[in-house]
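Coordinates in review
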Amino acid sequence: MSNLLKDFEVDPKNPSLEARQRWRSSVSVVKNRARRFRNIRDLDKLVEFETKRHQIQEKIRVAFYVQKAALQFIDAAARTEYKLTDEVKEAGFSIEADQLASMVRNHNTKSLSNNGGVEELAKKLSVSLTEGVSSSELPIREKIFGENRYAEKPARSFLMFVWEALQDITLIILMVCTVVSIGVGVATEGFPKGMYDGTGILLSILLVVMVTAISDYKQSLQFMDLDREKKKIIVQVTRDGNRQEISIHDLVVGDVVHLSIGDQVPADGVFISGYNLEIDESSLTGESEPSRVEKEKPFLLSGTKVQNGSAKMLVTTVGMRTEWGKLMETLIDGGEDETPLQVKLNGVATIIGKIGLSFAVLTFVVLCIRFVLEKATAGSFTNWSSEDALTLLDYFAISVTIIVVAVPEGLPLAVTLSLAFAMKKLMSDRALVRHLAACETMGSATCICTDKTGTLTTNHMVVNKVWICDKVQERQEGSKERFHLELSEEVESILLQGIFQNTGSEVVKDKDGNTQILGSPTERAILEFGLHLGGDFVAQRKEHKILKIEPFNSDKKRMSVLIALPGGGARAFCKGASEIVLKMCENVVDSNGESVPLTEERISNISDVIEGFASEALRTLCLVYKDLDEAPSGDLPDGGYTMVAVVGIKDPVRPAVREAVQTCQAAGITVRMVTGDNISTAKAIAKECGIFTEGGLAIEGSQFRDLPPHEMRAIIPKIQVMARSLPLDKHTLVSNLRKIGEVVAVTGDGTNDAPALHEADIGLAMGIAGTEVAKENADVIIMDDNFKTIVNVARWGRAVYINIQKFVQFQLTVNVVALIINFVSACITGSAPLTAVQLLWVNMIMDTLGALALATEPPNEGLMKRPPIARTASFITKTMWRNIAGQSVYQLIVLGILNFAGKSLLKLDGPDSTAVLNTVIFNSFVFCQVFNEINSREIEKINVFKGMFNSWVFTGVMTVTVVFQVIIVEFLGAFASTVPLSWQHWLLSILIGSVSMIVAVILKCIPVESCHHHDGYELLPSGPSSNSA
């Protein structure tokens, strides 16, 4: 099978255009192309999008690079004049939306200058740069300047799905045959008898179409929910005088937005104030070099990313007036990249479809030849009647229906159904899957490289210990003051300055007047510590002017700020990784509060304090300062600082992490912790989580990156903890793990984690702590930042894979039996025991209903007691072929005996004996499928009933199938070519079907893969026993 599917191979991440075109061109037998490819990315539209994107990029590039030269030659009279409309005047604004959009889009600094700069522009927009927009003005601003929403693909109505289902070529042919059949039937047999056969097929087609449309419609609603979640971005703004978080969609023109590293610029705007702001505009201009934004180059474009620094911006243009909005409009019909499993099953469907098509043609030819020979033998070859035409039409309808059954259109669509179901469940479990293939790939993950903070720990940080003036003080939980430091006034002043000036966070008042700290958990912990010491954030900020900020950088692992001192001169503050910042110090504040030289003995004592804090699993930071005669023109100094304090921040391990790590280890998934923390802190946390075990290796990033390639590859399998790592170290670790055959999932939250997230097989971004840059480069967003959720994604990934295997096993069995029984019967008896209506019903059981029942089963505990699914593993395993072959042989033998010797065995005689026999065959065949569907719940295990009643979808489908079967046989005989059966015949049909369960038990006792166990998984050598799975 693998040789036949060589054209149906794509990479799970970033598949090549050639591979995508190759498999599409190889899909030759498709009943309904519109439905089959509905959720697959349209390559023509992809090319169209790329062309449009390049055009927009070129337009912006031209505006950016030639604006100054161009503006010199543009005559003022030739420029577009924007006349202020009455509506804008009445709303209290003095500038038009289009004028604002044009100014920012074209980087027109002269226009901004003519409007009086950002301060005057704010006045024209009736907004205060300090107080922000008033909430009461939001509706009028949205009315005049528009909403911050992009054109979206209109939701498809249910009727559109009905129309799509009707585009099935085989169903169209059947409908034509039906119309002809009704016309001829009424003419020859009269009304209403002549309509029965044709009406039966029409009703069956209608039922198939409705069930298909309902299933597809519900699936589309699930994808719409997921799309809405993907577009949720939270931005920080100043409104009503308070700093607050709002949805990007609620942003209006005039809003004052706060930007920091990793944020996406949410709308077009103008720079108000900030420090070292660098913007990555590659998404719009295609330029890889970041653009520096400052007073002289103040324009910010929606969709770009903050690469460095922080700033405040005034929103000037939103929604579809921005270039990003126009770019997003081209994506509305983009579709999803296909997953490897979808592509593989398109290949399986194509191969089986070709076989089915051949059988259908052969069946039609054989039936026609037999019919012609019978007429010739009877001497009526020259006499043809309308009844003969109806017979031939019936033969043709049966052949077309065989194609309906034989082409397993549901195989690739079942993958989409299963993934949609899994993604919906994961969303409720706090994991947002951005790319379909990631859910699939997670089932093969062999390694998870996880961050520590927020993922393994709670991310609720507090300063637990502090070393200052040669004393260690511990947090007093019961006390009001929390810390009794007894510091001199001068030392306390410097400490509070270092806390409140050197921070990227803010202390604000909410609407109720309560104090609220906005920022990262580490920053919040230090600011809270400063507030407990009696510090006043606002007073400190007003007292000193900030001259320069160097935001926290994961490479330098420190943050610095320079402030002007009231009496002249400047003071630099720095805080960061304790052992790194300690090396920058020359002095230390002693027990008397005086600055003294930092001797080797003092360095040793402070290092012991740091090590002691770290061994208690505390994150350690040093707070230092340096006085300067004047502000430096370049970067802030790297040495000569005075040590003030070492703080130990407590971040408790999440309660369920240890169990989740053990679950991964039992499932053959290695968990590695990659953190920027001190190695002692990292080892302590890793031991508590069960990650760092005997024989494992803990290594620092600096040591790892200096290793020669051959040594690096040798130790990588042993690494369990990497401390003081840089984002580049994480990327190197991930790429080397992939080279040795590991399927790697990696977590990330910072801007610099983007390369590692992109490189990994599955990138997992943190939903709470993660930046927009990290989320955009991730495949899955862990919305609660919890490691347990990551394990849940792996569990569902395995469930999707095995659910599709169950469905494929079930469907191929039905395919084989339906094809052979009709073909053999046609060759021997000259008639097919299963009519067109009956085959359509069987097709619905095995296609839409079968997919619903088997492809949506929730994961069971046993899935995480097996190793990961090997990427090279054959999807249809030997075990599956054994089950398919065994069940097919049993069903063919039983149905063959009934077909050829049923009348004598069942003692049937009389005019309706043939009709009774064919109904018994049809009923037995359907019940074989019902019981085989239950068998398919477990490919290898004997107990197929475990957890069956926990899946309401499965039990619901089973119930509906049986109820409809009773209705078809007992009440719809005129349409379905059946007759009511006696209770004995019903019992026989059910008995024949139920015996397939005994056959399944016997088959599962036949070993076919000695080194494998449970559906293609290798048995874990030291894992839990197979009985527990």
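Residues numbered from 1 in each chain as written. Predicted model: local features only at pLDDT ≥ 70, side-chain atom pairs only at ≥ 80, totals over all residues. Heavy atoms only, no water.

1. Structural notes on unusual backbone geometry
Here Ser-126, not a glycine, exhibits a phi torsion of approximately 55°, which is positive. By secondary structure assignment, the location of Ser-126 is in the loop between α7 (117-124) and α8 (138-145). Of note in this structure, Arg-430 is not a glycine but carries a positive phi near 75°. (Helix = DSSP H or I, 4+ residues; strand = E, 2+ residues; numbered from the N terminus.)

2. Here we look at the sheet that holds strand β22 (residues 697-700)
Read from one edge of the open sheet, 8 strands run β8-β26-β25-β24-β9-β21-β23-β22, paired in mixed fashion. Of all the strands in the sheet, just β8 (431-433) and β22 have a single pairing partner and so form its edges. With strand direction ignored, the average angle separating the axes of adjacent strands in the sheet is 20°. As paired elements, β8 and strand β26 (residues 780-782) share 3 bridges and run antiparallel to each other. Following the sheet pairing, Leu-432 is matched in β26 by Ile-781. Relative to the sheet, helix α30 (residues 787-829) contacts β8, β9 (447-450), β21 (670-674), β24 (744-748), β25 (762-766) and β26, its axis offset from that of β26 by approximately 145°. (Pairing = 2+ DSSP bridges. Axes fitted to C-alpha atoms, helices over the stretch in contact; angles between N-to-C directions. Contact = heavy atoms within 4.5 Å.)

3. Focus on the pairing of strand β20 (residues 641-650)
Within β20, 9 of the 10 residues are buried, which leaves it mostly tucked inside the rest of the structure. In the sheet, strand β10 (residues 462-468) pairs with β20 via 6 bridges, with the strands oriented antiparallel. Across the sheet, residue Val-462 finds its bridge partner in β20, namely Lys-650. As defined by bridge partners, strand β17 (residues 585-589) adjoins β20 across 3 bridges and the pair is classed as parallel. Each residue of the ladder has a partner; that of Cys-585, found in β20, is Tyr-641. Sheet topology places strand β19 (residues 618-628) next to β20; 8 bridges connect them, and they run antiparallel. Directly across from Leu-618, in β20, lies its bridge partner Lys-650. (Buried < 20%, exposed > 50% of the residue type's maximum accessible area, 1.4 Å probe, protein only.)

4. Observations regarding the packing of aromatic side chains
According to the stated counting rule, one finds 13 aromatic pairs in the structure shown. Summarising the aromatic geometry, the rings of Phe-927 and Trp-986 are spaced 6.1 Å apart at their centres and angled 85° between planes, so their arrangement reads as edge-to-face. Of this pair, Phe-927 sits in helix α33 (residues 913-935) while Trp-986 sits in helix α36 (residues 983-1004), placing them 59 residues apart in sequence. Here Phe-927 matches Trp-986 in class, with each residue buried. (Phe/Tyr/Trp six-rings, centres within 6.5 Å; stacked < 30°, edge-to-face > 60°.)

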